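Chains, contacts and geometry: an overview
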Amino acid sequence: VCVSDDDSASGCDQAQVTVTLNRPPVAEAGGPYVGYEGTSITLNASRSTDPDGNIILYEWDLDNDGLFDDATGVRPKFTAIDNGIFTVRVRVTDAGGLSSEDSSTVTVKNVPPVITSLTINNSVRVGVKLNAYATFKDVGINDTFTATWKWGDGTISAGAISGKTVNGSHIYAKPGIYLITITVKDKDGGVGQAYKLILVLPKR
């Protein structure tokens, strides 16, 4: 650059300008990940790189809708509410505004239901109705269930499910000791069972 005054005197100087080309980052979503229903699975994008060393933003698409609006950060949590194989994506952005995307899978395994209580009288007489109740739990939020009572005398009946409670009833024709089995099955094939022996007495 040169400058001159009104007396025609002038002077010049120069400066060196270095222009650095910003290079894009490389996203790495990690995985593949594996976990179980009812848990939080930690994702990890820490292997993402930037040749200029300035990644400033990690954004995640956890519901596979194409929008990176579900989580931010290097290690977010994926909440596994049901079993299946899910796609997750991460987008990393550097200080210069350049970005990169990567995807991975999360395999969520089914967790079977668990019988938490079984309520049946210890004995009943032939010809008298026996009522039975069972409660269960299951961490799969989207699961549906079927239930079966085996009464030990060769008779099987479907359980009536209300919420997480199963009801059933039976009338025995012969005295004896019988093993009652309650089976609860979720929509994905997971099975929970509980057992109780009952004494069936003769009629009075």
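Heads up: these notes are all about the structure in this document. Keep in mind that what you see is a predicted model, and the values were worked out from it rather than measured.

Regarding the overall build of the protein chain
- When helices and strands are tallied, the protein chain shows zero helices and 18 strands.
- Here the C-alpha atoms of the protein chain give a radius of gyration of 33 Å, more than 25% beyond the 17 Å that 2.2 N^0.38 yields for 204 residues.
- Overall size of the protein chain, expressed as C-alpha extent along the three principal axes, is 135 × 25 × 20 Å.
- Looking at the protein chain as a whole, 32% of its 204 residues qualify as buried.
- Taking contacts inside the protein chain between residues at least 6 apart in sequence as the whole, the part at least 24 apart equals 60%.
- Within the structure as shown, the protein chain displays about 12,000 Å² of accessible surface, and the carbon and sulfur contribution to it stands at 52%.
- Averaging the locations of the 18 positively and 23 negatively charged side chains of the protein chain gives two centres separated by 33 Å.

Describing the side chain of threonine 181
- By secondary structure assignment, the location of threonine 181 is in strand S17 (residues 176–186).
- According to the relative accessible area criterion, threonine 181 is buried, its value standing at 9%.
- Beyond its immediate chain neighbours, meaning those up to four positions away, threonine 181 contacts Thr148, Trp149, Lys150, Gln193, Ala194 and Tyr195.

Here's the deal with the state of the cysteines
- Following the criterion strictly, the structure yields one disulfide and no others.
- Shown here is the disulfide that connects cysteine 2 with cysteine 12, its sulfur atoms set 1.7 Å apart. Measuring the twist about the S-S bond at about 115°, one finds the cysteine 2-cysteine 12 disulfide to be right-handed. Residue cysteine 2 is found in strand S1 (residues 2–4), and its partner cysteine 12 is found in strand S2 (residues 10–12); the two are separated by 10 residues along the sequence.
- When its relative accessible area of 56% is taken as the criterion, cysteine 12 is described as exposed.

Notes on the sheet that holds strand S11 (residues 123–125)
- Strands sit in the order S11-S18-S17-S13-S14 across an open sheet of five strands; the sheet is mixed. Either end of the sheet is taken by a strand with one partner, and the two such strands are S11 and strand S14 (156–158). When the angles between neighbouring strand axes are averaged without regard to direction, this sheet yields 30°.

Re the packing of aromatic side chains
- Counting across every chain of the model gives four aromatic pairs.
- Aromatic pair phenylalanine 78 and phenylalanine 86: ring centres 5.8 Å apart, planes at 45°, arrangement tilted.
- By relative accessible area, which is 6% here, phenylalanine 78 ends up buried.
- Overall, phenylalanine 86 belongs to the partly exposed group, its relative accessible area being 29%.

Quick word on the sheet that holds strand S15 (residues 160–162)
- Read from one edge of the open sheet, four strands run S10-S12-S16-S15, paired in antiparallel fashion. Each edge of the sheet is formed by a strand with only one pairing partner; in this case those strands are strand S10 (114–120) and S15. Taking the axes of each pair of neighbouring strands and ignoring which way they run, one obtains an average angle of 20° across the sheet.
- The sheet contact formed by S15 and strand S16 (residues 165–171) spans three bridges and is antiparallel. Residue pairing for S16: serine 162 is matched across the bridge by threonine 165.

With respect to the pattern of salt bridges
- Counted according to the given criterion, the structure contains five salt bridges.
- For arginine 23, the salt bridge is made with aspartate 52, and the minimal N-O distance between the two is 2.9 Å. Here arginine 23, found in the loop between S2 and strand S3 (33–36), pairs with aspartate 52, found in the loop between strand S4 (40–42) and strand S5 (55–61); they are 29 residues apart in sequence, far enough to count as distant.
- Two residues, aspartate 188 and lysine 187, come together in a salt bridge whose shortest N-O distance is 3.2 Å.
- When its relative accessible area of 32% is taken as the criterion, aspartate 188 is described as partly exposed.

Rules behind the numbers
Residues numbered from 1 in each chain as written. Predicted model: local features only at pLDDT ≥ 70, side-chain atom pairs only at ≥ 80, totals over all residues. Heavy atoms only, no water. Helix = DSSP H or I, 4+ residues; strand = E, 2+ residues; numbered from the N terminus. Rg over C-alpha atoms; globule rule 2.2 N^0.38 Å. Buried < 20%, exposed > 50% of the residue type's maximum accessible area, 1.4 Å probe, protein only. Contact = heavy atoms within 4.5 Å. Areas by Shrake-Rupley, 256 points an atom, 1.4 Å probe, with all protein chains shown as cover. Lys, Arg positive; Asp, Glu negative; His and termini not counted. Charge placed at Lys NZ, Arg CZ, Asp CG, Glu CD. Disulfide = S-S within 2.5 Å. Pairing = 2+ DSSP bridges. Axes fitted to C-alpha atoms, helices over the stretch in contact; angles between N-to-C directions. Phe/Tyr/Trp six-rings, centres within 6.5 Å; stacked < 30°, edge-to-face > 60°. Salt bridge = Lys/Arg side-chain N within 4 Å of Asp/Glu carboxyl O.

Take it as geometry only, folks, not as evidence of what the structure does.
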